[in-house]
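Overview (structure and organization)
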Amino acid sequence: MKGKGFFTAVLRHRRRVLAGYAVAAVLCAVLSLLVSVNYDINDYLPPESPSTIAIDVMEEAFGGGIPNGKKFKAAQTGGPSGGCIPASLIDTPVDYDNLTAIGCMMGSGGMIVMDEDNCMVDIAKFYLEFIVDESCGKCSPCRIGTKRLLGLLTKITEGNGEPEDLDTIEELCNHIKQSALCGLGQTAPNPVLSTLHHFRDEYIAHVVEKRCPAGVCKNLLRYTIDPAKCKGCTLCARNCPNNAISGTVRNPHVIDQDKCIKCGACESACAFGAIHIEA
Ligand code: SF4
Ligand code: SF4
Ligand code: SF4
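Everything quoted here is computed from the prediction, not taken from an experiment.

1. Notes on the pairing of strand β5 (residues 222–225)
With burial as the criterion, only one face of β5 is covered, namely that bearing Tyr 223 and Ile 225; the residues Arg 222 and Thr 224 on the opposite face remain uncovered. In terms of strand pairing, β5 meets strand β8 (residues 275–278) through four bridges, oriented antiparallel. The partner of Tyr 223 across the bridge, within β8, is Ile 277.

Listed below in structure tokens is the structure:
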């Protein structure tokens, strides 16, 4: 038989354990508010209370600016299911309500700052690839819907998109948000919807002009030879894996756009800077 003292000691121990859990829970809640920043930014110093600091302050005061004189393009918050904030909303204070109001979220507390060299369609596709991998497959809006979304974004980045795809994407995103079973599926469309909303001109450039303004989507690039710079050395033609370049020695060469597979071998081979890549 155990005495009264034994049970009192057990109760005291349990109270200590419970108190320990309570402290840990509070610490976790506080730590979850800390924001980590990953970016194209110089000389980062972590802010102490980022949840009250506007994104522009983060970028300029704490980040030292974007490297190589590039322009700020977007900040992506909240992990893979977060949204992208454009330069026009750079003054948005970083807190739960403000981020939610502009189609983003605090999520994991992560923030990625992107410069002008990022294609926002490609960025949306990148995050969706992660979501498709993470989907457990239990419900069809997430299992099938995110794959279908990824297919549409891939179609657009490969240069085969059509204007009506944008409406399909938006409709599908809203359906997934409303009918997915858990938070992963319900937030999965955020990167797509936020880029579609804030960077619609880039989507339009891809589907209408068949152009990637940031010069990221390989299939939408166009390799050309500047006749004024071309010395007719033939090196590019000899390096082209698809016989897309024609020309004779000491005369300007030409690229057949129908044969070009955008591999970039000619540009690397040319010692005269005669080959240009048009976005
Ligand atoms: S929404 Fe949640 S439950 Fe449904 S498939 Fe995605 S991860 Fe699974
Ligand atoms: S490698 Fe450059 S200079 Fe030589 S033929 Fe090609 S484009 Fe002209
Ligand atoms: S990009 Fe590749 S395929 Fe196109 S012309 Fe140059 S070497 Fe040939």
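2. As for the site of ligand 1
Ser 135, Cys 136, Gly 137, Lys 138, Cys 139, Cys 142, Arg 143, Ala 180, Leu 181, Cys 182, Leu 184 and Gly 185 make up every residue found near ligand 1. Elements with a minimum of two residues in the shell around ligand 1: α5 (140–157) and α7 (183–187). Class assignment for the residues of the shell around ligand 1 results in seven nonpolar, three polar and two charged.

3. Quick notes on helix α6 (residues 163–179)
Since the α-helix turns once every 3.6 residues, residues separated by three or four places project in the same direction. Here α6 is 17 residues long and its end C-alpha atoms lie 25 Å apart, about the 24 Å a rise of 1.5 Å per residue gives. Those residues of α6 that are buried lie in contact with α5, α7 and α8 (190–198).

4. Topic: the site of ligand 3
Lining the immediate environment of ligand 3, one finds 13 residues, of which Cys 240, Cys 260, Cys 263, Ala 265 and Cys 266 sit closest. In terms of residue class, the shell around ligand 3 is made up of 10 nonpolar, two polar and one charged.

5. Some thoughts on the nonpolar core
By size, the foremost hydrophobic cluster in this structure holds 42 residues, and its most contacted members are Cys 119, Met 120, Val 121, Ile 123, Ala 124, Leu 128 and Val 192. Sorting the residues of this core by element identifies β2 (72–77), β3 (84–86), β4 (110–115), α4 (120–134), α5, α6, α8 and α9 (200–207) as the ones contributing at least two each. With seven residues, α4 is the largest single contributor of residues to this core. Here this core spans two domains, since at least three of its residues come from each of domain 1 (30–116) and domain 2 (119–219). If near-sequence neighbours (up to four positions away) are discounted, Val 121 is found in contact with Leu 153, Ile 156, Thr 157, Thr 195, Glu 202, Tyr 203 and His 206. Tyr 223, Ile 225, Cys 230 and Ile 275 belong to the second largest nonpolar core, which has 12 residues in total.

6. Some points on α5
Given a rise of 1.5 Å per residue, 18 residues ought to cover 26 Å, and the 25 Å separating the end C-alpha atoms of α5 matches this to within 8%. Where α5 is concerned, the buried positions are Pro 141, Cys 142, Gly 145, Thr 146, Leu 149, Leu 153, Ile 156 and Thr 157. Along the axis of α5, the buried positions cluster into a sector of 110°, meaning they face one direction only. Just past α5, the residue Gly 159 takes up positive phi, approximately 90°.

7. Considering the confidence of the model for the protein chain
If pLDDT is low for a region, its predicted coordinates should not be looked at in detail. Residues with a pLDDT of 70 or more make up 77% of the protein chain, whose mean pLDDT is 82. Across residues 41–53, confidence stays below pLDDT 50; counting only partners more than four residues off in sequence or on other chains, it has 27 contacts.

8. Looking at unusual backbone geometry
If you check the backbone angles, Thr 234 has positive phi at about 75° while not being a glycine. On the basis of neighbour count, Thr 234 is assigned to the partly exposed category, with 16 C-beta atoms found within 10 Å. For Arg 250, which is not a glycine, the phi torsion comes out positive at approximately 65°. Here Arg 250 lies in the loop between β6 (245–246) and β7 (254–255). Among the residues examined, Arg 250 registers 10 C-beta atoms within 10 Å and is labelled exposed.

9. Some thoughts on the packing of α6 against α8
Look at α6 against α8: their axes get within 10 Å of each other, and the N-to-C directions meet at 135°. Judged on the interaxial angle alone, α8 and α6 are oblique. The way α6 lies across α8 gives a crossing that is left-handed. Across from Leu 166, Ile 169, Glu 170 and Cys 173 in α6, the residues of α8 making contact are Val 192, Leu 193 and Leu 196. Here the residues of the contact of α6 with α8 sort into six nonpolar, no polar and one charged.

Rules of the game
Residues numbered from 1 in each chain as written. Chains lettered and ligands numbered in written order. Predicted model: local features only at pLDDT ≥ 70, side-chain atom pairs only at ≥ 80, totals over all residues. Buried ≥ 20, exposed ≤ 12 C-beta atoms within 10 Å, placed from the backbone. Helix = DSSP H or I, 4+ residues; strand = E, 2+ residues; numbered from the N terminus. Pairing = 2+ DSSP bridges. Near = placed C-beta within 6 Å. Nonpolar A, V, L, I, M, F, W, Y, C, P; charged D, E, K, R; others polar. Expected span 1.5 Å × (residues − 1). Contact = placed C-beta atoms within 7 Å. Core = buried A, V, L, I, M, F, W, Y, C linked by C-beta atoms within 7 Å. Domains from an automatic or database assignment. Arc of directions from axis to C-beta. pLDDT = per-residue confidence, 0-100. Axes fitted to C-alpha atoms, helices over the stretch in contact; angles between N-to-C directions. Parallel < 35°, antiparallel > 145°, perpendicular 65-115°, else oblique. Left-handed = near helix turned anticlockwise from the far one by under 90°.

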